[in-house]
Each structure stands twice: as C-alpha cells, then as structure tokens.
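Letter by letter, the chains look like this.
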Amino acid sequence: MSLGLGNDLDPKFQRWMLPGGIGGFLLWAIATPEGMPFHEFLHQRGPTQVFVLVMGGMLFAFIINKWRILQREKKAYLAFDLSIAQAIRSGDLTALTTQAERSASLVGKRLLRMLDVWRSTGSSFQLERSADSDVELYELSSQSSFSLPKVLLWAIPLLGFIGTVIGMSSAVGSFDAVLSNADNVDGLKNGLTKVTSGLGTAFDTTYLALVVSVIFTFPLNACERLEDRLLSQIDGEVREAVMALSPSGDGVIPDAPDPLGVRSKNKAEAIEQLTGLASDDLGALISDAFEKHLPDPSVLVGPAQIYAEQLTQATLEKLTPLTSLVRDSVEGIAEARLSLQDQADVIRGSMDGLSQQLNQSLRALEPVLNRLERLSTGSYTEAETKDQLQALIELRRSIETLNASVARLAPNRRRWWGRS
C-alpha cells in the first residue's frame with residue numbers, strides 16, 4: 001500500500017486555477033459596457049484591476065474546492081468505525097481491512113498502509129517508523145498545498161501598490177500641462193481632469209487589492225486550521241492502531257486467539273524448512289557454539305584490570321610535576337604574604353615613633369612661640385631684648401631638631417618602598 005505524494009486533501013490544480021481565473025476575468029468583462037456598474041472603477045483605472053480580479057477568482061475557487069474536500073474527509077472519518085484498537089486486539093484484521101477499503105477515506109488508507117507494513121515485516125520498529133514517515137509526508141503536503149494560494153494572497157496587495165505608482169506617475173506628469181495652460185481655462189480644465197484621473201487610479205487600485213486580500217485571508221486561514229485538525233485526529237487513530245498491533249514491540253498481536261497453537265506450529269515448520277533441522281536441534285547447536293567459541297568472561301577481566309592499573313599509574317606520573325608546581329606556588333604565595341605583613345608592621349612602628357618625636361618637638365616649640373608673641377608687642381628694655389634673642393635661639397634649635405627628624409624619615413621611607 002503506497003500513499004503516493006500524500007496529496008489526498010489537495011484540490012486538483014486544473015479544478016481551481018483555470019476556473020477561478022476565468023471567473024475573475026468574466027467578472028471584469030461584464031463591466032465592459034459604459035453603462036454597467038463599476039465600469040469606470042474596473043476599466044479606467046489601469047491594467048492592474050483585471051489581474052487582481054483574476055487572482056481573486058483563483059483564490060475563491062481554491063478555498064471552495066479545499067473546503068469541500070475537507071468536509072468530505074471529515075464525514076468519512078466520523079462515519080468510520082473508530083473502535084479500531086478493539087478490532088485489532090480481537091485479531092479480526094480481515095474485517096478491519098475490508099472496512100478500510102470500503103470507506104475510501106484518508107483514515108482508511110493510512111490504516112491499510114499500517115496493516116500492510118505489519119503483515120510484510122512483523123516488526124514494531126518498522127511499524128512506528130512507517131507511521132512517523134506518513135505524518136511527515138502529510139505535513140509537508142499540507143504546507144505545499146497552501147504555498148501557491150499564499151503567494152497569490154501576497155501578490156494581490158503588491159499589484160495594488162503598482163497601480164498606485166502608475167496613477168501617481170500619471171498625475172504628476174499631468175502637472176506640466178496644467179502649468180502650461182494656466183491662462184487658458186479649457187486647457188486648465190483638461191489638465192486638472194488628467195491629474196484627478198491619475199489620483200483616482202492610484203487610490204482605486206489600492207482599494208480593490210486591499211479589499212480582495214482581506215476578504216480571502218480569513219477563509220484561507222480557516223481551511224488551513226481545519227486541515228491541521230483533521231490530520232491530527234487521523235494521526236491519533238493511526239497511533240492507537242500501532243499501539244494495538246504491537247504494544248510491547250515483540251512482533252505478536254496481544255490477546256489474539258490461538259487455541260490450537262497454530263501460529264507456533266507454523267513457525268516451527270518454517271524454521272525446519274529453512275534449516276533442515278528441528279527447532280530443538282537448532283537450539284542445541286546454537287548453545288554448543290556459544291560455549292565453544294565464546295571466551296570465558298574471566299579471561300577478558302584480567303587484561304582489562306591490568307590495562308586500567310597501567311593507565312592509572314601513567315596518569316599519576318604525568319600529574320606529579322603539575323602537583324609539585326602547584327604546591328610550590330602556594331608555599332611561595334604564603335611566604336610572600338608573611339613578608340609583606342612583617343614589613344607593614346615595621347613601617348607602622350617606625351611611623352609611630354617618628355610621629356611621637358614630631359609631637360614632642362612641636363610641644364617644645366610652643367612656649368618659645370608664645371614668648372616671641374608676648375615680646376613682639378610694646379617697647380623693649382635691654383633685659384627683654386636679651387630674652388627675645390634667647391627665645392629666637394631656642395626656636396632655631398627646635399627647628400633644627402624638627403628638620404633632623406624629617407631627614408631621618410626620608411631614608412626610612414625609601415628603604416621601605418624599595419623592599420616592597
């Protein structure tokens with residue numbers, strides 16, 4: 001059983017493309033006489049109007065045909081006896097095959113394919129693989145089915161924009177005639193008529209294209225959703241059939257009546273015809289072959305254990321230099337950290353001692369400054385002058401002491417920074 005291209009739900013190309021295009025053209029042709037409605041709208045607004053109507057007719061025909069096919073398949077799906085799993089478990093595959101052939105529906109076709117795969121292979125793996133490939137086939141077919149109508153739906157607004165460009169170009173080109181006949185009333189009137197005609201072409205072509213595209217967007221989307229829903233329901237039924245055929249993947253239909261052991265007898269006869277040996281003799285030969293030619297597991301365990309030990313030893317030898325390097329690096333970092341901490345303690349102690357010396361020098365300088373300030377006011381006697389000189393001498397000594405302290409601080413700072 002072959003599913004072909006999986007286009008069971010696709011309307012035939014010649015049933016919607018040609019009739020739809022002809023219908024759109026006839027709708028445009030009906031308005032050809034000047035007295036007909038929409039004559040000016042369809043026949044005096046450029047060439048894009050007829051193409052929009054032809055594409056719109058194609059979309060309309062596709063939607064109608066697609067909707068009819070989906071409704072027919074949906075009715076066939078609902079009319080099909082959905083107790084498929086129960087029929088399979090009872091072992092009545094012939095009745096199920098007959099019912100699927102009579103239904104002439106997509107669900108019946110899918111079930112026939114599953115049954116054919118099961119009868120020909122008897123493999124649960126092949127059955128599931130076939131079901132998955134069928135799902136992918138119909139998904140791709142559904143996408144390709146709507147590809148051309150979506151292109152038409154996308155091209156219709158573009159035709160409207162092309163008509164807009166044509167109309168605007170005609171209107172702009174007519175301004176030269178309007179400006180050249182500005183003094184002539186009749187010429188000015190004719191020029192304005194051409195300008196308005198171009199603007200009418202620009203607006204009417206866009207209007208028709210947008211209306212047609214909006215009208216057919218929603219029905220096309222509804223058809224696509226209906227097809228997706230129908231395919232999902234059919235896939236669910238096929239999956240249930242697959243699980244009923246082989247729930248354990250052992251290649252045997254469960255719960256199928258076999259009271260006389262006919263199936264087992266047929267298998268034994270088939271084995272005897274192929275090999276020329278009874279099934280018991282064949283099993284004994286296989287067991288002897290395994291015992292004679294397959295090695296003892298203990299023979300394989302010993303070399304594997306030796307190989308594992310050699311691999312572990314080689315790995316440890318390769319990692320030893322790296323381990324030593326990491327350990328040395330950690331020890332070096334710890335020593336550097338202790339050295340920096342010791343230097344910081346020495347610097348802190350030296351700075352505290354120098355700070356105390358500076359404070360003492362400043363306190364010794366304070367009374368001298370007070371004496372100078374007191375002697376700087378008023379008239380001086382000889383004793384006061386001597387006192388002032390003595391105070392200046394003491395001030396000089398204090399300043400020299402302060403300079404000496406600062407001089408001792410500078411080398412220490414250079415030495416500390418040099419260490420760090």
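Thresholds applied
Residues numbered from 1 in each chain as written. Predicted model: local features only at pLDDT ≥ 70, side-chain atom pairs only at ≥ 80, totals over all residues. Heavy atoms only, no water. Patch = residues over 30% accessible without salt bridge, like charges linked within 9 Å, V, L, I, M, F, W, Y side chains within 5 Å. Areas by Shrake-Rupley, 256 points an atom, 1.4 Å probe, with all protein chains shown as cover. Salt bridge = Lys/Arg side-chain N within 4 Å of Asp/Glu carboxyl O. Helix = DSSP H or I, 4+ residues; strand = E, 2+ residues; numbered from the N terminus. Buried < 20%, exposed > 50% of the residue type's maximum accessible area, 1.4 Å probe, protein only. pLDDT = per-residue confidence, 0-100. Contact = heavy atoms within 4.5 Å. Core = buried A, V, L, I, M, F, W, Y, C linked by side-chain atoms within 4.5 Å. Phe/Tyr/Trp six-rings, centres within 6.5 Å; stacked < 30°, edge-to-face > 60°. Lys, Arg positive; Asp, Glu negative; His and termini not counted. Charge placed at Lys NZ, Arg CZ, Asp CG, Glu CD. Axes fitted to C-alpha atoms, helices over the stretch in contact; angles between N-to-C directions. Parallel < 35°, antiparallel > 145°, perpendicular 65-115°, else oblique. Nonpolar A, V, L, I, M, F, W, Y, C, P; charged D, E, K, R; others polar.

Before going further, it helps to examine a nonpolar patch on the surface. Nonpolar side chains collect at one region of the surface, where Phe13, Leu148, Val151, Trp154, Leu158, Phe161 and Leu210 lie side by side and expose about 670 Å² of accessible area between them. Considering every element that reaches the nonpolar patch, the biggest residue donor is helix α8 (residues 147-173), with five residues. You can see Leu158 is positioned in helix α8. Look at Leu158 and you get partly exposed, because its relative accessible area is 35%.

What follows is about the confidence of the model for the protein chain. For the protein chain, per-residue confidence averages 75 on the pLDDT scale, and residues scoring 70 or more make up 66% of the total. Across residues 416-420, confidence stays below pLDDT 50; counting only partners more than four residues off in sequence or on other chains, it has six contacts.

In this structure, Ile84, Ile88, Leu127, Ile234 and Leu245 are the most contacted members of the largest nonpolar core, which totals 31 residues. Secondary structure elements with two or more residues in this core: α3 (48-79), α4 (84-89), α5 (93-103), α6 (106-121), α7 (124-145) and α10 (185-245). Ranked by residues supplied to this core, first place goes to α10 with nine residues. Counting 24 residues, the second-largest nonpolar core is a separate cluster that includes Val50, Phe62, Leu152 and Ala209.

Bringing the packing of aromatic side chains into the picture now. Applying the stated criterion across every chain, the model contains seven aromatic pairs. Seen from their ring centres, Phe25 and Trp28 are 5.7 Å apart, and the 40° between their planes marks the pair as tilted. One end of the pair, Phe25, and the other, Trp28, are both in helix α1 (residues 13-30), three residues apart, so they sit about a helical turn from each other. Aromatic ring contacts, followed pair by pair, group Phe13, Trp16, Phe62 and Phe146 into a single cluster.

Take unusual backbone geometry next. Within the chain, Phe38 stands out as a residue other than glycine whose phi angle is a positive 65°. Tracing the backbone through its elements, the reader meets Phe38 in the loop between α1 and α2 (39-43).

Our focus in this paragraph is a positive patch on the surface. On the surface, a cluster of positive charge is made up of Lys12, Arg15, Arg68 and Arg72. Position of Arg15 relative to the elements: it lies in helix α1. Its relative accessible area of 56% is what places Arg15 among the exposed residues.

Counted under the stated rule, the structure contains ten salt bridges. Notably, a salt bridge pairs Arg113 with Asp134, separated by 2.9 Å at the nearest N-O pair. Here Arg113 is found in helix α6, whereas its partner Asp134 is found in helix α7, with 21 residues between them in sequence. Counted as one network, the salt bridges with shared partners bring together Asp10, Lys66 and Glu227.

Attention now moves to the side chain of Arg110. Mapped onto the elements, Arg110 comes out in helix α6. Residues contacting Arg110, with those up to four places away along its chain left out, are Leu3, Ala131, Asp134, Val135, Tyr138, Ile234, Asp235 and Val238.

This part covers the packing of α7 against α8. Packed helix pairs are characterised by how far apart their axes lie and by the angle those axes make with each other. Between α7 and α8, whose axes approach to 4 Å, the crossing angle comes to 30°. In terms of orientation, α7 and α8 fall into the roughly parallel class. Contacts between α7 and α8 involve Gln143, Ser144 and Ser145 on the former and, on the latter, Ser147, Leu148 and Pro149. By residue class, the composition of the contact of α7 with α8 is two nonpolar, four polar and no charged.

What follows concerns the side chain of Thr201. Positionally, Thr201 belongs in helix α10. On the accessibility criterion, Thr201 (9% relative accessible area) is buried. With residues near it in sequence (within four places) discarded, Thr201 still touches Gln44, Arg45, Gly46, Gly163 and Gly167.

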